[in-house]
Amino acid sequence: QQKRIEKGQVGHFSESLRLQNIRDHLLSDRLLTAIEKSEMRLVFQPIIKSKTGSIACIEALLRWHLDGEEVSPIEFIPIAEQYGMIKNIGLWVVEKACQQIITLSQNGRALTVSINVSVIQLQDREFVTHIKTLLTRLKFEPSLLHIEITESVFAADKTVLMKQIKALQEMSIKISIDDFGTGYSSLASMQDLGVDIVKIDKSFIDNVNGSGSNIVHAVMQISQSMGYQVVAEGVESLEQVEKLNEIGVHFLQGYYFSKPLEVDQLTDYLNDRLN
Ligand code: C2E
Ligand code: MG
Ligand code: MG
Ligand code: MG
């Protein structure tokens, strides 16, 4: 009896693994042509300055519309990393984001854009040159570009990353640590890397009105003493906004202010705020 159940579980497990593999292969195959087939697009979520309520920055988030279905970046980014497509896709994201932000930056308002970059991209020795060439060609002001990297970078080779981050910062690009608190990084390793901005992960913001407040407080205090600016991710309620303001978190981002917007919606959003 016991054995049969175990066997059944193993069989079930390997079956779901097999299906997962088939899907990964299918997606990796379709990813190769996703850009040329115009299946990719960017959506934009504002990051709000706590003190003034104004827009500090806009995060570009990648979307993939495949055969009538939206595939989440949480699923396809790791596949793109694994199958060697992330560099091309990543450069397309930078180019597209900067182009669209330039178009939206009329009437003298200079918008700052924040882009998610995979560690694999960042480790590529040509990455900095590619960015430099791209920004020059687009005439995009580098100080208006932020690059978000996830904490997992701290598991990677630090010397290469430090060099890359430094080179980007010398161009006036700012570096953010995304999803802070969920991965391997410590505030000490962030000091080594010399990042500019810390984005506290949504999981801590979810219970900032309860047990999470101590953590946010602590991150805030240390960040302040180290000169980092702090963003709260995934802010969904007024209670959270009030608590985060009380703690003194510099920037807020989340559905409470705006979901990620299609470029047309962003245009309206910006126009509403100007008038
Ligand atoms: P992330 O960079 O931490 O982005 C935040 C995610 O949380 C986004 O999901 C956003 O839509 C979602 N979000 C924002 N505010 C709220 C909120 O108040 N409530 C809830 N429930 N969710 C909120 P999304 O767009 O599905 O992206 C997921 C992740 O995929 C991103 O996490 C990022 O790590 C990755 N990603 C997205 N675009 C790119 C890209 O262009 N390149 C790379 N390398 N990764 C990307
Ligand atoms: Mg991000
Ligand atoms: Mg995040
Ligand atoms: Mg995330």
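Cut-offs used in this document
- Residues numbered from 1 in each chain as written.
- Chains lettered and ligands numbered in written order.
- Predicted model: local features only at pLDDT ≥ 70, side-chain atom pairs only at ≥ 80, totals over all residues.
- Heavy atoms only, no water.
- Axes fitted to C-alpha atoms, helices over the stretch in contact; angles between N-to-C directions.
- Helix = DSSP H or I, 4+ residues; strand = E, 2+ residues; numbered from the N terminus.
- Left-handed = near helix turned anticlockwise from the far one by under 90°.
- Contact = heavy atoms within 4.5 Å.
- Nonpolar A, V, L, I, M, F, W, Y, C, P; charged D, E, K, R; others polar.
- Near = heavy atom within 4 Å.
- Polar contact = N/O pair within 3.5 Å; in protein donor to acceptor, adjacent residues only side chain to side chain.
- Areas by Shrake-Rupley, 256 points an atom, 1.4 Å probe, with all protein chains shown as cover.
- Donors = N, O, S within 2.8 Å, 3.2 Å for Na, K, Ca; no water.
- Buried < 20%, exposed > 50% of the residue type's maximum accessible area, 1.4 Å probe, protein only.
- pLDDT = per-residue confidence, 0-100.
- Arc of directions from axis to C-beta.
- Expected span 1.5 Å × (residues − 1).

Description of the packing of helix α9 (residues 213-226) against helix α10 (residues 238-247)
Contact pair α9 / α10: the axes reach a minimum separation of 10 Å and the direction vectors enclose 40 degrees. Our pair here, α9 against α10, has a crossing hand that is right-handed. Each of Ser213, Val216, His217 and Met220 in α9 lies in contact with α10, whose residues at this interface are Lys243, Leu244 and Ile247. Its residues assigned to classes, the contact of α9 with α10 comprises four nonpolar, two polar and one charged.

Observations regarding the site of ligand 1
Contacts to ligand 1 come from 22 residues, most closely from Arg63, Asn116, Asp178, Glu236 and Tyr255. At 3.1 Å, a side-chain N or O of Gln45 approaches a nitrogen atom of ligand 1. The contact in question runs from an oxygen atom of ligand 1 to an N or O atom on the backbone of Tyr255, over 2.8 Å. Calculation on ligand 1 without its partners gives an accessible area of 800 Å², and the protein chains cover 81% of this total. Mapped by element, the contributors of at least two residues to the shell around ligand 1 are β2 (55-66), α2 (73-82) and β6 (174-180). Top contributing element to the shell around ligand 1 by residue count: β2, with four residues. Broken down by class, the residue content of the shell around ligand 1 amounts to nine nonpolar, five polar and eight charged.

Some remarks on the coordination of the magnesium ion (ligand 3)
At this site the magnesium ion (ligand 3) is bound by Asp178 (OD), Asp179 (OD), Glu233 (OE) and Glu233 (OE), with donor distances of 2.0 to 2.6 Å. The magnesium ion (ligand 2) is placed at 4.2 Å from the magnesium ion (ligand 3), the two being bridged by Asp178. Here Asp178, found in strand β6, pairs with Glu233, found in the loop between β8 (229-232) and α10; they are 55 residues apart in sequence, far enough to count as distant. Exposure class is identical for Asp178 and Glu233. Each is buried.

Observations regarding the confidence of the model for the protein chain
Scored by pLDDT, the protein chain comes out at a mean of 91, with 91% of its residues at no less than 70. This complex was scored by the predictor with a pTM of 0.93 and an ipTM of 0.98.

Description of the environment of Val113
On the secondary structure map, Val113 appears in strand β4 (residues 113-116). Residues Val113 and Ala56, spaced 57 residues apart in sequence, show a C-alpha to C-alpha distance of 9.0 Å. Every residue in contact with Val113, bar those within four places of it in the chain, is listed here: Cys57, Ile58, Ala60, Ala97, Ile101, Phe140, Leu144, Leu145 and His146.

Description of the coordination of the magnesium ion (ligand 2)
Here the magnesium ion (ligand 2) is held by Glu59 (OE), Asn116 (OD1), Glu148 (OE) and Asp178 (OD), and the distances to it run 2.0 to 2.2 Å. Spacing between the donor residues of the magnesium ion (ligand 2) along their common chain follows E-x56-N-x31-E-x29-D. By relative accessible area, which is 5% here, Asp178 ends up buried.

Description of α2
Taken residue by residue, α2 has Phe76, Ile79 and Ala80 as its buried positions. All buried residues of α2 fall inside an arc of 100 degrees around its axis, so they share one side. In α2, the exposed positions angled more than 90 degrees off the buried face are occupied by Ile74 and Gln82.

Quick notes on helix α6 (residues 158-170)
Look at α6: 18 Å from first C-alpha to last across 13 residues, which is about the 18 Å you get at 1.5 Å a residue. Regarding α6, the residues found buried are Val160, Leu161, Gln164, Ile165 and Leu168. Axial view of α6: buried residues confined to an arc of 125 degrees, hence all on one face. Facing away from the buried side of α6, by more than 90 degrees, are the exposed residues Thr159, Lys163, Lys166 and Glu170. Residue Ser172 follows α6 closely and has a positive phi angle near 80 degrees.

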